[in-house]
Amino acid sequence: ETGVTQTPRHLVMGMTNKKSLKCEQHLGHNAMYWYKQSAKKPLELMFVYSLEERVENNSVPSRFSPECPNSSHLFLHLHTLQPEDSALYLCASSQGTGLNQPQHFGDGTRLSIL
Amino acid sequence: GNSVTQMEGPVTLSEEAFLTINCTYTATGYPSLFWYVQYPGEGLQLLLKATKADDKGSNKGFEATYRKETTSFHLEKGSVQVSDSAVYFCALSALDTGRRALTFGSGTRLQVQP
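Read on for an overview of the structure. Quick caveat, the model's predicted, so the values are computed rather than measured.

### Here we look at the state of the cysteines
Residue and element names in this part refer to chain A.
Reasoning step 1: Tallied over the entire structure, the rule returns 2 disulfides over all chains.
Reasoning step 2: The partner cysteine of C23 in its disulfide is C91, sulfur to sulfur 1.9 Å. Looking along the S-S bond of the C23-C91 disulfide, the torsion reads about -75 degrees, which is the left-handed sense. In this pair, C23 is assigned in strand β3 (residues 18-25) and C91 in strand β9 (residues 87-94), connecting sequence segments 68 residues apart. Each member of the pair, C23 together with C91, is buried.
Reasoning step 3: Of all cysteine sulfurs in the structure, the one in C91 sits closest to C68, which takes part in no disulfide; the separation is 9.1 Å.
Reasoning step 4: In this structure C68 comes out as buried when scored by relative accessible area, which is 11%.

Written as structure tokens, this is what we have:
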């Protein structure tokens, strides 16, 4: 198993659908992150979970709802998304949120909103 | 707030050429600095890091030196290969308005031609 696994790899959905993105890490880390990667823009940090508790929410619209049931799993629930939400969504994990701790990324879910 | 500025790409080089990708940063305190690489269709992978001034991070022939006096962390490689074609992200980890945050540059695409 690779370190951080994201499913699905690709998702196409209409604006009225509800779907969820899944992330699983096999590295024994205790912090997990959601990022949004749009074309020609820096990575945008969306949410941070440390020890299964949300510690950061960077002004993300409520149509994105994260869930962290345990330290190995992270979900991003999606509903009534907008076309501008089409992007690559990356999950990452780290051992703690210390400044020196690198983050390990999954391969992302490519989301397209019709 | 913290910020990272990278040279715009794409950078196009011939195989065995010398590579420099410039990165400068603005941060409060003493950040840790990272280079990540993203190959097509994949997530970000940590390439190297440096956690204090004058540290040199190195991996796979790539190097970068943490220069506090010039607030820079330029990425270099003496002889690039076609397999190095990817997008390279400079990032810093530092306290920002009281929260720990990883701030990314916008990425530089490297294309190496045979």
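### Topic: the interface of chain A and chain B
Reasoning step 1: Each partner contributes to the interface: chain A provides 20 residues, whereas chain B provides 21 residues.
Reasoning step 2: For the pairing of chain A and chain B, the buried interface totals around 1,700 Å² over both sides, and the portion due to carbon and sulfur atoms is 53%.
Reasoning step 3: Sorting the residues of chain A by area buried against chain B places L99, N100 and F105 of chain A first, and these three jointly supply 33% of that buried surface.
Reasoning step 4: For the pair chain A and chain B, the interface holds 0 salt bridges.

### Examining the side chain of K36 of chain A
Residue and element names in this part refer to chain A.
Reasoning step 1: One can find K36 in strand β4 (residues 31-37).
Reasoning step 2: The side chain of K36 sits in the buried core without any salt bridge; D85 is the nearest counter-charge, 4.2 Å away.
Reasoning step 3: There is a polar contact of 3.2 Å between the side chain of K36 and the backbone oxygen of E84.
Reasoning step 4: Other than its neighbours up to four places away in sequence, K36 contacts P42, L43, E44, M46, E84, D85, A87, L88 and Y89.

Analysis parameters
- Residues numbered from 1 in each chain as written.
- Chains lettered and ligands numbered in written order.
- Predicted model: local features only at pLDDT ≥ 70, side-chain atom pairs only at ≥ 80, totals over all residues.
- Heavy atoms only, no water.
- Disulfide = S-S within 2.5 Å.
- Helix = DSSP H or I, 4+ residues; strand = E, 2+ residues; numbered from the N terminus.
- Buried < 20%, exposed > 50% of the residue type's maximum accessible area, 1.4 Å probe, protein only.
- Contact = heavy atoms within 4.5 Å.
- Buried area = accessible area lost by both parts, 1.4 Å probe.
- Salt bridge = Lys/Arg side-chain N within 4 Å of Asp/Glu carboxyl O.
- Lys, Arg positive; Asp, Glu negative; His and termini not counted.
- Polar contact = N/O pair within 3.5 Å; in protein donor to acceptor, adjacent residues only side chain to side chain.

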